[in-house]
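Each chain, written out:
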Amino acid sequence: MAAGEPARPRRTPSRTAGEGGQQDRKGPGRPAPRRRPGTPGAAAAMRAAAEQLAELLGRFPDSVSSLKPTDEGWEAQVEVVELERIPDTTSVMASYRVALDEEGQLISYERTRRYSRGMIDRLT
């Protein structure tokens, strides 16, 4: 923005009545898994995956890179620092697949990948 130009207001997504602020993100012909009342939502499932994996590994997760509902509950990909190094772009990271049941309890986890923090995925 050049000097003297007025600041532009940020755009906010518009919501129509009846949407409830949620967009339909399921693919064509793919029904969303049904949730029973009282089961945790996405944010609670994400926190539960990170907290329970931290308890098992003894390391607190760096991030949750994906979360998706399944017929049995939730599945998350959780990124964990396995070995801290200096500079931190050389730290060893691990990606864990975490499965949660409908109540948000961890039922399984598996390390699926190890990599350096500074490494970028490249398409082949």
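Cut-offs and rules
Residues numbered from 1 in each chain as written. Predicted model: local features only at pLDDT ≥ 70, side-chain atom pairs only at ≥ 80, totals over all residues. Heavy atoms only, no water. Core = buried A, V, L, I, M, F, W, Y, C linked by side-chain atoms within 4.5 Å. Buried < 20%, exposed > 50% of the residue type's maximum accessible area, 1.4 Å probe, protein only. Helix = DSSP H or I, 4+ residues; strand = E, 2+ residues; numbered from the N terminus. Contact = heavy atoms within 4.5 Å. Pairing = 2+ DSSP bridges. Axes fitted to C-alpha atoms, helices over the stretch in contact; angles between N-to-C directions. Polar contact = N/O pair within 3.5 Å; in protein donor to acceptor, adjacent residues only side chain to side chain.

(A) Examining the nonpolar core more closely. Core analysis: the largest hydrophobic core is formed by 14 residues, its most contacted members being Ala49, Leu53, Val78, Val80, Tyr96, Val98 and Leu100. Listed by contribution, the elements that provide at least two residues to this core are helix 1 (42–57), strand 2 (73–83) and strand 3 (92–101). Each residue touching Ala49, except ones within four places of it in the same chain, is listed here: Ala76, Val78, Val98 and Leu100.

(B) Layout of the sheet that holds strand 4 (residues 106–116). Sheet architecture is open: 4 strands sit in the order 1-2-3-4, paired in antiparallel fashion. Bordering the open sheet on either side are strand 1 (63–69) and strand 4, each of which pairs with just one other strand. Neighbouring strand axes in the sheet, compared pairwise and without regard to direction, differ in orientation by 20 degrees on average. Packing against the sheet, helix 1 makes contact with strand 1, strand 2, strand 3 and strand 4, and its axis sits at approximately 120 degrees to strand 3.

(C) Region of the structure containing the side chain of Glu82. Structurally, Glu82 can be placed in strand 2. A polar contact is formed between the side chain of Glu82 and the side chain of Arg114, at a distance of 3.1 Å. Excluding residues within four positions of it along the chain, Glu82 makes contact with Arg59, Val92, Met93, Ala94, Tyr96, Arg111 and Arg114.

Purely geometric numbers; function is a separate question.
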